[in-house]
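# Architecture and fold: a report
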Amino acid sequence: MELKEAAIARRSIRKFKPDPVSRETLTEIIAVANRAPSAMNTQPWEFFVIAGDVLESVKKQNIENLRNGIPPAPEQIISGWPPDSPYRKRQVELGKQLFTLMNIPRDDMAKRVEWMERGFRFFDAPAAIVITYDKMLSEPGPLLDLGAVMQMICLAAVEHGLGTCIESQGVQYPSVLRKFANIPESKKMVIAIAIGYPDPDFPANKVKSSREPVDTVTTWVGF
Ligand SMILES: Cc1cc2nc3c(=O)[nH]c(=O)nc-3n(C[C@H](O)[C@H](O)[C@H](O)COP(=O)(O)O)c2cc1C
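Structural notes, computed from the coordinates. Here the structure is a predicted model, which is why all the values come from computation and not from measurement.

## Here's the deal with a nonpolar patch on the surface
On the surface, Ile78, Trp81 and Tyr87 cluster together into a nonpolar patch covering about 340 Å² of accessible area. Here Ile78 lies in the loop between helix H3 (52-67) and helix H4 (86-101).

## Observations regarding the pattern of salt bridges
Once their charged atoms are close, side chains differing in charge can pair, the charge on each being opposite to the other. Scanning the entire structure with this criterion turns up 13 salt bridges. For the salt bridge of Arg90 with Glu212, the shortest nitrogen-to-oxygen distance reads 3.1 Å. Of the two residues, Arg90 is situated in helix H4 and Glu212 in the loop between strand S4 (187-196) and helix H8 (214-217); the sequence distance between them amounts to 122 residues. Overall, Glu212 belongs to the partly exposed group, its relative accessible area being 36%. For the salt bridge of Glu185 with Arg178, the shortest nitrogen-to-oxygen distance reads 3.5 Å.

## Observations regarding the sheet that holds strand S1 (residues 46-51)
Here four strands make up an open sheet; going across it, the order is S1-S2-S4-S3 and the pairing antiparallel. Of all strands in the sheet, those bounded by a partner on one side alone are S1 and strand S3 (163-167). Strand after strand, the sheet turns through a mean of 25 degrees between neighbouring axes, direction not considered. Bridge count for S1 against strand S2 (residues 127-134) is six bridges, and the pairing is antiparallel. The residue of S2 that forms the bridge with Glu46 is Thr132. Contacting S1 and S2, H3 runs over the sheet at an angle of about 90 degrees to S1. Across the sheet, helix H6 (residues 143-159) is in contact with S1, S2, S3 and S4; its angle to S2 comes to roughly 160 degrees.

## Here's the deal with the site of the ligand
If you check the shell around the ligand, you find 15 residues, and the closest are Arg10, Ser12, Arg14, Gln169 and Arg211. Taking Arg14, its side chain carries an N or O atom lying 2.8 Å from an oxygen atom of the ligand. Of all the elements, S3 adds the most residues to the shell around the ligand, at three residues. Considering only residue class, the shell around the ligand consists of six nonpolar, four polar and five charged.

Conventions adopted
Residues numbered from 1 in each chain as written. Predicted model: local features only at pLDDT ≥ 70, side-chain atom pairs only at ≥ 80, totals over all residues. Heavy atoms only, no water. Patch = residues over 30% accessible without salt bridge, like charges linked within 9 Å, V, L, I, M, F, W, Y side chains within 5 Å. Areas by Shrake-Rupley, 256 points an atom, 1.4 Å probe, with all protein chains shown as cover. Salt bridge = Lys/Arg side-chain N within 4 Å of Asp/Glu carboxyl O. Helix = DSSP H or I, 4+ residues; strand = E, 2+ residues; numbered from the N terminus. Buried < 20%, exposed > 50% of the residue type's maximum accessible area, 1.4 Å probe, protein only. Pairing = 2+ DSSP bridges. Axes fitted to C-alpha atoms, helices over the stretch in contact; angles between N-to-C directions. Contact = heavy atoms within 4.5 Å. Near = heavy atom within 4 Å. Polar contact = N/O pair within 3.5 Å; in protein donor to acceptor, adjacent residues only side chain to side chain. Nonpolar A, V, L, I, M, F, W, Y, C, P; charged D, E, K, R; others polar.

Spelled out as C-alpha cells, the structure:
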C-alpha cells in the first residue's frame, strides 16, 4: 500500500467489531512503527498492548469511575482551546459532524454521556496500545518522538485492514491502567490507541474530518 493511500484511508474509528487482533499482527504493526525517528535515536517510547480480560476490566473500571464522579487524572495534558480561536471552531465542527451522524441532539444529555463513555471503554476495541515514556526523561522532551510513533502505528494498521482511534480519553484514569495492566509508576502514560477491525455500520465511523487548505497552514518563504 502506498503511503499516500494509507494516509488518506486512515481515519478515527469509534466502534470496532469484537473480533480479536492477533498478537502477531500487532507485533508487525509495532515493528513498522518502531522505525519512527526520535531525537538522537533515543527511542523513548514504550508500549503496553492490552487485550482480553485485562482490557475488559480496564473498560469496566473506567466507566465505574466516571459514573461515580471520580475526577480524571491524566498524566499528559492535551492543550486547551481558547473559545474564540480557530482551534475551538474546528473542534466544534467535528463535534457537530459526529453528533449529526450519531443522531445526538444538542440537549440530549443521556445520549451525550453515552457517547462520552464510549471513549473510556476504548470504543469497544478488542485491543488498546498505551504509549508511555520513562519519567526519568525531561519534560516535555519525548513528546515529539511519541507523536511520530503514534502516527506510524495508525498508518501501519491501515495496511492490515485495521482501524484506530488515538484517544486521550483512554488514559484519563492512569491508576486503572496501572492496576490491571501492571504499568509501573515510573512510566508516564501519554496516549492510548484503540485498535481493531472497524464496524462498517457504525455511523460515526463514516465521519470525514475536514482539513484546512495547504496555503492556510503554510507560509512559503523564498519561492
Ligand atoms: C492527541 C490526540 C488525542 C485524541 N483524543 C481523542 C479522544 O479522546 N477521543 C476521540 O474520540 N478522539 C480523539 N482523537 C481523535 C481526533 O478527534 C481525530 O484525530 C481528529 O478529529 C481528526 O479526525 P481523523 O482522525 O478521523 O482524521 C485524538 C487525536 C489526537 C491526535
